Structures are given as structure tokens and as C-alpha cells.
Amino acid sequence: MEIWINPACSKCRSAVQLLDAEGAEYTVRRYLEDVPSPDEIRAVLDRLGLEPWDITRTQEAEAKELGLKEWPREAGSRERWISALADHPRLIQRPIITADDGTAVVGRTDEGVRDALGR
């Protein structure tokens, strides 16, 4: 299991605390320092069953500068979104937990984190 975190994020810290409390074995990836490649983002999206716009933090200043809210949310724009996430990792929703069964969850709630633990 791997968890993508921003240590400054309270949701990330809560998720790590819950994983620790449950005795889970996991690897921490500080994705702002160890930026995921476009291929890694595609793989996580496949595991999540989501599209890149589903995991984009559109309220971030960088998102506003890029005008992301105006970008089409369709298959033809998918790669543009993935490139934006790779170039601006702060835009990636967090924390993302890749579960042992090959799936992933966005662990913003205790229920989401427990869901990953149960997989």
C-alpha cells in the first residue's frame, strides 16, 4: 500500500494517523517532492476508476491561473489534464491510497481510508 501525501494537509495527516493506528504497512510518497509522472497518474486514475478532472483541486491558485474550470471534461482533453497534474502536482487531490488489491481510493475521510485497508 502506498499513500500520496502533502505533509501540510490535515486530511493527509489524519489518514496517516489512522493507518498507523490500524497497524497498516504502507509507503509514504510526498508527491510534491517525488512528483508522479504522467504514466503514474494514468495508472492511479485507472486504479481509482476516475478521470483526471475528478482528482483535480480546481480551487487552487494554480488551477485558476490555468483556467482549469473552463477546460473540457471529455476523453479528448484527458491528456491535457494529466499533463497539468504532472506539471502542477499541488493540483492533485490528496491523500490517494493505492490498495493491495490493485485499486485505489481518495482517502479524505476515515471511511475512505478504512475502505483501502479492507481491500
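In every chain, residue numbers begin from 1 and rise along the written sequence. Only residues with pLDDT of at least 70 are given local features in this predicted model, and only at 80 or more are side-chain atom pairs given and counted; all residues enter the totals for whole chains, interfaces and linings. Remark: hydrogens and water are excluded; side-chain values derive from all non-hydrogen atoms of the structure.

(A) Representation of the state of the cysteines within the structure. Here, two cysteine sulfur atoms that lie within 2.5 Å of each other are counted as a disulfide. For the coordinates displayed, the defined rule picks out zero disulfides. Left without a disulfide partner, Cys9 is nearest to the cysteine sulfur of Cys12, which lies 3.4 Å away.

(B) View of helix 5 (residues 110–117). Exposure classes here rest on a 1.4 Å probe applied to the protein chains alone. A residue is buried below 20% of its type maximum, exposed above 50%, and partly exposed in between. Think of it this way: any DSSP run of H or I at least four residues long counts as a helix, any run of E at least two long counts as a strand, and we number them from the N terminus. For helix 5, the complete set of buried residues consists of Gly112, Val113 and Ala116. Down the axis of helix 5, the buried set is contained in an arc of 100°. They therefore lie on one face. Working rule for contacts: check all heavy atoms of both residues, and any pair within 4.5 Å makes them a contact. Elements in contact with the buried residues of helix 5: helix 1 (10–21), strand 3 (96–98) and strand 4 (104–106). The arc in question is traced by the directions running from the helix axis to the C-beta atoms.

(C) Examining the packing of aromatic side chains more closely. Aromatic contacts are taken between Phe, Tyr and Trp rings whose centres are within 6.5 Å, Trp giving its six-membered ring; a plane angle under 30 degrees counts as stacked, one over 60 as edge-to-face, and the others as tilted. For the coordinates displayed, the defined rule picks out two aromatic pairs. Aromatic side chains Trp53 and Trp81 sit 5.8 Å apart centroid to centroid with 70° between the ring planes, which places their arrangement in the edge-to-face category. You can see Trp53 sitting in the loop between helix 2 (38–48) and helix 3 (61–66) and its partner Trp81 sitting in helix 4 (residues 78–87), a full 28 residues away along the chain. Here Trp53 falls in the buried class, since its relative accessible area comes to 12%. Centre to centre, the rings of Trp71 and Trp81 are 5.5 Å apart; their planes meet at 80°, and the pair counts as edge-to-face. Here Trp71 is found in the loop between helix 3 and helix 4, whereas its partner Trp81 is found in helix 4, with 10 residues between them in sequence. Members of the aromatic cluster, connected to one another through ring pairs, are Trp53, Trp71 and Trp81. Residue placement shows Arg80 over the ring face of Trp71; its charged tip is 3.8 Å from the ring centre. Both a distance and an angle decide whether a charge sits over a ring: NZ of Lys or CZ of Arg must be within 6 Å of the ring centre and within 35 degrees of the ring normal.

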